Amino acid sequence: MATTSTTTYTAKLTDGPLEGSTVTTEFLDAGVPRPRLELPSSAGSKRYVYIRSSGIEFASDNALDDRPSAVEYRYLEAIFE
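**Student:** In this structure, what is going on with the overall build of the protein chain? I would like to understand it.
**Tutor:** From N to C terminus, the protein chain includes zero helices and five strands. For the protein chain, the succession of helices and strands along the chain, N to C, is β-β-β-β-β. Expressed as a percentage of the 81 residues in the protein chain, the buried residues total 26%. Counted over contacts in the protein chain with a minimum sequence separation of 6, partners at least 24 positions apart contribute 50%. Of the roughly 5,300 Å² that the protein chain leaves accessible, carbon and sulfur atoms contribute 49%.

Here it is, written out as structure tokens:
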């Protein structure tokens, strides 16, 4: 397995209220993409929950990096506070 220095990746939101948006997020301590993202809404009283889907992209310019550069996420639910 190759060594890597990448600590963040792009989360692509493929549907739901934030469809088409991207956010930069950090890998888990184990070096894998997060299975779930909770993102605040612009109103501030709710959060959108997205879960990881099967779409994964690797940057072609860094063959030594074994972590993905982008991961797709699907909308699951909204949590109201």
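**Student:** It is not clear to me how the environment of Ser45 should be interpreted in this structure. Could you clarify?
**Tutor:** Among the secondary structure elements, Ser45 is positioned in the loop between strand E3 (36–40) and strand E4 (46–57). Distance in space between the C-alpha atoms of Ser45 and Phe80 is 6.1 Å, their sequence separation being 35 residues. If sequence neighbours within four positions are ignored, Ser45 has contacts with Ile79, Phe80 and Glu81.

**Student:** Just checking my understanding: could you explain the side chain of Ser41 for this structure?
**Tutor:** Of note, Ser41 is situated in the loop between E3 and E4. In this structure, Ser41 is in contact with Lys46, Arg47 and Tyr48, ignoring residues within four places of it in sequence.

**Student:** I'm lost on the nonpolar core in this one. Help?
**Tutor:** In globular proteins that are soluble, nonpolar side chains generally tend to be buried together. Counting residues in each nonpolar core, the largest one holds 10 residues, listed as Tyr9, Ala11, Leu13, Phe27, Leu37, Leu39, Tyr48, Tyr50, Val71 and Tyr73. Among the secondary structure elements, those contributing two or more residues to this core are strand E1 (8–13), E3, E4 and strand E5 (70–80). Contact partners of Leu37, with chain neighbours within four places excluded, come to Ala11, Val23, Thr25, Tyr48, Val49, Tyr50 and Tyr73.

**Student:** Which parts of the structure should I look at to understand the sheet that holds E5?
**Tutor:** Taking strand neighbours across the sheet as the criterion, the five strands line up as E2-E1-E5-E4-E3 in an open arrangement whose pairing is mixed. The outermost strands of the open sheet, each flanked by one partner alone, are strand E2 (22–26) and E3. Neighbour-to-neighbour, the strand axes of the sheet open up by a mean angle of 40°, direction not taken into account. Pairing of E1 with E5, which is carried by four bridges, proceeds in the parallel orientation.

The rules behind these values
Residues numbered from 1 in each chain as written. Predicted model: local features only at pLDDT ≥ 70, side-chain atom pairs only at ≥ 80, totals over all residues. Heavy atoms only, no water. Helix = DSSP H or I, 4+ residues; strand = E, 2+ residues; numbered from the N terminus. Buried < 20%, exposed > 50% of the residue type's maximum accessible area, 1.4 Å probe, protein only. Contact = heavy atoms within 4.5 Å. Areas by Shrake-Rupley, 256 points an atom, 1.4 Å probe, with all protein chains shown as cover. Core = buried A, V, L, I, M, F, W, Y, C linked by side-chain atoms within 4.5 Å. Pairing = 2+ DSSP bridges. Axes fitted to C-alpha atoms, helices over the stretch in contact; angles between N-to-C directions.

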